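Results of the structural survey
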Amino acid sequence: KSVFRVVGRDDQQGPAIASYLAAAAKPKVAAIVDDATAYGEGLANEVEKFLKGKKIAVVGRERTTDKETDFKAILTKIKAKNPDVVFHGGMDATGGPMLKQARELGIKSAFSFGDGACTNEMAKLAGAAAEGLICSQAGLPAEAASKDFQDAFNAKYGEIKQYAPYFYDATLAVIEAMKKANSVDPAKFTPEMYNVSFTGATGKVEFDAKGDRKDAEITIFRMGKDGKIAPAESHGVKLISMG
């Protein structure tokens with residue numbers, strides 16, 4: 001009862017990225033890799049569950065680690081099964097090299113990732129192989145944050161990192177609860193978190209009975225030729241247009 005989230009859960013993110021994959025890539029066969037962490041495996045499980053529910057065959061479920069650098073063995077197994085898409089549950093530090101090695105092996109499958117690898121760093125780690133990758137982030141892109149937040153943040157800190165607007169709103173939520181309780185004592189203000197309702201940098205912030213954000217959004221991104229990820233679709237709100 002003392003944990004609250006300002007972004008969506010992985011059991012929302014998994015189906016969102018899998019739904020986009022199913023619609024955009026129209027795969028008949030998929031392969032899934034995870035890095036054996038609670039994050040990577042949990043997200044991969046959600047993607048696998050959704051794809052199977054859509055009658056898309058998951059022909060390979062491989063496991064690596066979050067410290068691995070050589071993926072040739074599992075990629076060779078994946079190549080033999082010729083999947084239309086490959087999903088990797090893990091971070092960019094492993095996702096980038098994996099994608100680069102996959103292309104070196106001649107794997108032409110569409111590659112997709114969760115928010116741990118939904119970064120511009122992927123272009124540095126995978127090089128030209130990163131172009132076209134599909135990934136998801138819990139929440140709206142940083143560029144969608146309120147103009148007031150963007151102007152103030154840019155002036156003081158420079159480029160806005162992925163979840164900075166959400167950290168900001170998380171802090172605002174605690175402040176709002178303190179105001180409601182007229183106290184900085186956690187025992188007194190924590191129950192008020194359930195009653196918080198305000199418009200922050202990322203939009204309306206309210207929590208449900210489980211402490212999860214109401215109407216949480218998930219955004220799907222694709223990597224462009226310029227080495228930067230750009231929004232392709234948002235689940236929970238209308239399609240985002242950045243231009």
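Residues numbered from 1 in each chain as written. Predicted model: local features only at pLDDT ≥ 70, side-chain atom pairs only at ≥ 80, totals over all residues. Heavy atoms only, no water.

1. A few points about the pattern of salt bridges
Counted only if it meets this: Between Lys or Arg on one side and Asp or Glu on the other, a salt bridge is scored when a side-chain nitrogen of the former is within 4 Å of a carboxyl oxygen of the latter. Helix and strand assignments come from DSSP, with helices taken as H or I runs of at least 4 residues and strands as E runs of at least 2, each series counted from the N terminus. Working definition: with a 1.4 Å probe on protein chains only, accessible area under 20% of the residue-type maximum means buried, over 50% means exposed, and in between means partly exposed.
Counting across every chain of the model gives 17 salt bridges. Its salt-bridge partner being Asp-212, residue Arg-5 comes within 2.7 Å of it at the nearest N-O pair. Of this pair, Arg-5 sits in the segment before α1 (10–24) while Asp-212 sits in the loop between β7 (203–205) and β8 (218–223), placing them 207 residues apart in sequence. On the basis of relative accessible area, Arg-5 is assigned to the partly exposed category, the value being 38%. What makes Asp-212 buried here is its relative accessible area of 4%. Between Lys-147 and Asp-151 there is a salt bridge; the shortest N-O distance is 2.7 Å.

2. Some words on the packing of α1 against helix α2 (residues 38–53)
The cut-off we apply is this: Here an angle of 0 to 180 degrees is reported between the N-to-C directions of two axes, which are lines fitted to C-alpha atoms, with helices fitted over the stretch in contact. Here is the rule for angles: anything less than 35 degrees is roughly parallel, anything more than 145 is roughly antiparallel, 65 through 115 is roughly perpendicular, and the remaining ranges are oblique. Handedness of a crossing is defined here by the sense of rotation of the near helix relative to the far one, left-handed for an anticlockwise turn of less than a right angle and right-handed for a clockwise turn. Whether two residues touch is decided by their heavy atoms; if any such pair falls within 4.5 Å, the residues are in contact. In this count, Pro and Cys sit with the nonpolar residues alongside Ala, Val, Leu, Ile, Met, Phe, Trp and Tyr, while Asp, Glu, Lys and Arg are called charged and the others, Gly among them, polar.
At a minimum axis distance of 8 Å, the contact between α1 and α2 shows a crossing angle of 50 degrees. Of the possible angle classes, the one that applies to α1 and α2 is oblique. α1 and α2 meet at a crossing whose hand is right-handed. For the pair α1 and α2, contact is made by Asp-10, Asp-11, Gln-13, Gly-14, Pro-15, Ile-17, Ala-18 and Ser-19 and by Tyr-39, Leu-43, Glu-46, Val-47, Phe-50 and Leu-51, respectively. Residue composition of the contact of α1 with α2, grouped by class: eight nonpolar, three polar and three charged.

3. Details of the confidence of the model for the protein
Formally: pLDDT is a per-residue confidence score from the predictor, ranging from 0 to 100.
Here the protein averages 92 in pLDDT, and 95% of its residues register 70 or above. In this model, residues 237–243 is a region of pLDDT below 50 whose contacts with residues beyond four sequence positions or in other chains number eleven contacts.

4. Examining the packing of helix α3 (residues 72–81) against helix α4 (residues 92–104)
Relative orientation of the contacting elements α3 and α4 amounts to 55 degrees, with a least axis distance of 10 Å. Judged on the interaxial angle alone, α4 and α3 are oblique. Note that α3 runs across α4; the crossing there is right-handed. Facing α3, whose interface residues are Lys-72, Ile-74 and Leu-75, α4 presents Met-98, Gln-101, Ala-102 and Glu-104. Its residues assigned to classes, the contact of α3 with α4 comprises four nonpolar, one polar and two charged.

5. Observations regarding the packing of aromatic side chains
Which entries qualify depends on this criterion: Side-chain rings of Phe, Tyr and Trp (the six-membered ring for Trp) are treated as a pair once their centres are within 6.5 Å; stacked means planes under 30 degrees apart, edge-to-face means over 60, and tilted covers the remaining angles.
Tallying each qualifying case throughout the model produces seven aromatic pairs. Summarising the aromatic geometry, the rings of Phe-4 and Tyr-194 are spaced 4.9 Å apart at their centres and angled 65 degrees between planes, so their arrangement reads as edge-to-face. Of the two residues, Phe-4 is situated in the segment before α1 and Tyr-194 in the loop between α8 (186–189) and β6 (198–200); the sequence distance between them amounts to 190 residues. A residue is classified by how much of its surface remains accessible, and Phe-4, at 19% relative accessible area, is buried. Classification of Tyr-194 by relative accessible area gives partly exposed; the value is 27%. Between Phe-149 and Phe-153 the ring centres are 5.5 Å apart and the planes differ by 35 degrees, which places this aromatic pair in the tilted class. Residue Phe-149 and its partner Phe-153 are located together in helix α6 (residues 147–157), separated by four residues, close to a single helical turn.

6. A closer look at the nonpolar core
Put simply, the rule reads: As used here, the term nonpolar core means buried Ala, Val, Leu, Ile, Met, Phe, Trp, Tyr and Cys residues forming a set that is joined through side-chain atoms within 4.5 Å.
Core analysis: the largest hydrophobic core is formed by 25 residues, its most contacted members being Leu-75, Leu-99, Phe-111, Phe-113, Leu-133, Cys-135 and Met-223. Listing elements by their share of this core, those giving two or more residues are β1 (29–34), α3, α4, β4 (110–113), α5 (121–126) and β8. Residues within four places of Phe-113 in sequence aside, it is in contact with Ile-17, Phe-87, His-88, Gly-95, Leu-99, Met-122, Leu-133, Ile-134, Cys-135 and Ser-136.

7. Points about the environment of Asp-66
Counted only if it meets this: What qualifies as a polar contact is a pair of N or O atoms within 3.5 Å, subject to a donor-acceptor requirement within protein and to the restriction that residues adjacent in sequence count only when both atoms come from side chains.
Tracing the sequence through the fold places Asp-66 in the loop between β2 (57–63) and α3. Exposure remark for Asp-66: the relative accessible area of 37% places this residue in the partly exposed category. Each C-alpha atom, one on Asp-66 and one on His-88, is 11 Å from the other, the two residues being 22 residues apart in sequence. Residues in contact with Asp-66, not counting those within four places in the same chain, are Asp-35, Thr-37 and Thr-94. In this structure the side chain of Asp-66 is engaged in a polar contact, spanning 3.5 Å, whose partner is the side chain of Lys-67.

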